[in-house]
Structures are given as C-alpha cells and as structure tokens.
Amino acid sequence: MRHGSIPGAHGRVRPLTLHGDPVLHSPCREVTEFGPDLERLVEDMFATMYAAQGVGLAANQVGEGLRVFVYDCPDDEDVRHLGHLVNPRLVEADGVTVRGPEGCLSLPGLEAGTPRFDRAVVRGFSVTGEPVEVVGTGFFARCLQHECDHLDGLVYADRLTGFRRRRVLRKAARATGG
C-alpha cells in the first residue's frame, strides 16, 4: 500500500465466503512471498471489509487461504485501530474473560454472546515484511482474537456451547441453504 493512501481506496470488493465453505474451516497457509500480489490482496480486503461494514476481515473470508487479516476497529475507549497483519500469531490473550456480542461477515445477520479475553497481543508482519506487534484491549482485543481464529480455521460459533451454539449454527444453515 502506498504511504498516506486510504486503505481499500484502490482495492476491489470481493465476494464474501460464507459459513460452511471449506476455506473457512481449514487452517490458513503462511505467506511466503511479499510483493504486489500481497499488497493487492490487502487492499482488496480493506475495500471488502468497508463495503460490508465490518471491523475486521481475514483472507479466508474472501476465499484466500493465507494468514492475513485487516482491521479498522475501535477499542472500549473509542480509540480507532487501523492496520493489517501478515502471518499473525496470537501470543497473549489474558485479563478478564468477557462474554460479549460477536458477529461475523461470514455469518451475516447473526450474533451471539461469545467469551473472549479483554486483552490480546498479536505479532506478525506488515505487507512489506516488517515485524509488527499489536496490543488490543476491550472490543479491539475481541477483534484480534476473532481474526486469529479465522486463520486457524475457526469461526466464533466454534467458541460457543450448548443452546447458543445450536441456535447460531441452525440459523447459519438456514441462511446459507445448508
């Protein structure tokens, strides 16, 4: 991405991958080549996230099984966090566990109280290969954990149990015709 440009301004909106698609339920591959194709993917992911009015988006949500995600997400103090991570790893998730409302662009229109830690630390790389560490609290910590889950082949419904899990999966199946 060009320095100073608005993320997604030069990207194209890609179709979202919906729950049930195998790419959402398999661990993503490490990115091994940094260059124009990766830059284009990140730019397209921002464009897609903004078009869908999301706060985060993983590459497998646009059909690419690569360890990449983008975010434009506030924390609980309404501080905006904007960026992307390539080959991210959740290295810390701690603090208080909070069950809060969580949705997903791959499960459109659905939401469920999902337990997450209120602090998260993720390490990865920028689109140019520079090391990056992101620390999030509150809602932003939830976002970071959610996106890391996607790259490991999980959706938030996999964190649910009992009635909540059954209800979300039943509604997802109805919505996607599965």
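Per an unreviewed UniProt entry, the protein is named Peptide deformylase, and its organism is Streptomyces fragilis. The Catalytic activity (unreviewed entry) field of the UniProt record for the protein holds the comment "N-terminal N-formyl-L-methionyl-[peptide] + H2O = N-terminal L-methionyl-[peptide] + formate". Comment text from UniProt for the protein, heading Function (unreviewed entry), reads "Removes the formyl group from the N-terminal Met of newly synthesized proteins. Requires at least a dipeptide for an efficient rate of reaction. N-terminal L-methionine is a prerequisite for activity but the enzyme has broad specificity at other positions."

Draft legend 1. Quick look at a positive patch on the surface. The grouping of Arg166, Arg170, Lys171 and Arg174 at the surface amounts to a positive patch. Here arginine 170 lies in helix α3 (residues 162-176). What makes arginine 170 partly exposed here is its relative accessible area of 42%.

Draft legend 2. The arrangement of the packing of aromatic side chains in detail. Tallied over the entire structure, the rule returns three aromatic pairs. Taking the centre distance of 6.1 Å and the plane angle of 55° together, the rings of phenylalanine 69 and tyrosine 71 count as tilted. By the burial criterion, phenylalanine 69 is buried, and tyrosine 71 matches it. Here the aromatic rings of tyrosine 71 and phenylalanine 140 are separated by 5.2 Å at their centres, their planes lie at 50°, and the arrangement is tilted. Residue tyrosine 71 is found in strand β2 (residues 68-74), and its partner phenylalanine 140 is found in helix α2 (residues 138-151); the two are separated by 69 residues along the sequence. Judged by its relative accessible area of 6%, tyrosine 71 is buried.

Draft legend 3. Spotlight on helix α1 (residues 36-51). End to end, α1 covers 22 Å across 16 residues, agreeing with the expected 22 Å (1.5 Å per residue, within 8%). Within the span of α1, buried status applies to Leu38, Leu41, Val42, Glu43, Asp44, Met45, Phe46, Ala47, Thr48 and Met49. In this structure, the buried side of α1 is in contact with β1 (56-58), β2 and β3 (80-103). Immediately beyond the C-terminal end of α1, within one or two residues, lies glutamine 53, with a positive phi of roughly 60°.

Draft legend 4. Here's a closer look at the pairing of strand β5 (residues 131-137). Bridge count between strand β4 (residues 111-125) and β5: seven bridges; the pairing is antiparallel. Pairing of valine 121 across the sheet is with valine 135, part of β5. Remark: five residues form the turn of the hairpin made by β4 and β5, two consecutive strands paired antiparallel; glycine 129 in that turn has positive phi of roughly 95°.

Draft legend 5. The UniProt feature "binding site: Fe cation" (unreviewed entry) in the protein, seen in detail. Residues annotated in UniProt with the feature "binding site: Fe cation" (unreviewed entry) correspond here to Cys104, His146 and His150. Their sequence span is 47 residues, while the largest C-alpha to C-alpha distance among them is just 10.1 Å; these annotated residues converge on one region. Lining the largest pocket, from the residues named above, are Cys104, His146 and His150. If we skip the residues at most four places from it in the chain, cysteine 104 touches Gln61, Leu110, His146, His150 and Tyr156. Take histidine 146: its relative accessible area is 7%, and that puts it in the buried class. Filtering out sequence-adjacent residues up to four positions away, histidine 146 remains in contact with Glu102, Gly103, Cys104, Arg116 and Tyr156. At 2.6 Å, the side chain of histidine 146 and the side chain of glutamate 102 are in polar contact.

Draft legend 6. Representation of the sheet that holds β5 within the structure. Spatially, β1-β2-β3-β4-β5 is the arrangement adopted by the five strands of the open sheet, whose pairing is antiparallel. Edge positions in the open sheet fall to β1 and β5, since each of these has one partner strand only. Each neighbouring strand pair of the sheet contributes to a mean axis angle of 30°, computed without reference to strand direction. The strands that α1 touches are β1, β2 and β3; relative to β2, the one it contacts most, it runs at about 40°. Set on the sheet, α2 makes contact with β1, β2, β3, β4 and β5; between it and β4 the angle comes to about 80°.

Cut-offs and rules
Residues numbered from 1 in each chain as written. Predicted model: local features only at pLDDT ≥ 70, side-chain atom pairs only at ≥ 80, totals over all residues. Heavy atoms only, no water. UniProt positions renumbered as here; feature names shortened; annotations may be inferred. Patch = residues over 30% accessible without salt bridge, like charges linked within 9 Å, V, L, I, M, F, W, Y side chains within 5 Å. Areas by Shrake-Rupley, 256 points an atom, 1.4 Å probe, with all protein chains shown as cover. Salt bridge = Lys/Arg side-chain N within 4 Å of Asp/Glu carboxyl O. Lys, Arg positive; Asp, Glu negative; His and termini not counted. Charge placed at Lys NZ, Arg CZ, Asp CG, Glu CD. Helix = DSSP H or I, 4+ residues; strand = E, 2+ residues; numbered from the N terminus. Buried < 20%, exposed > 50% of the residue type's maximum accessible area, 1.4 Å probe, protein only. Phe/Tyr/Trp six-rings, centres within 6.5 Å; stacked < 30°, edge-to-face > 60°. Expected span 1.5 Å × (residues − 1). Contact = heavy atoms within 4.5 Å. Pairing = 2+ DSSP bridges. 1 Å grid on protein atoms, 1.4 Å probe; cavity = no way out; pocket = protein on both sides within 12 Å on 5 of 7 lines; lining within 4 Å. Polar contact = N/O pair within 3.5 Å; in protein donor to acceptor, adjacent residues only side chain to side chain. Axes fitted to C-alpha atoms, helices over the stretch in contact; angles between N-to-C directions.

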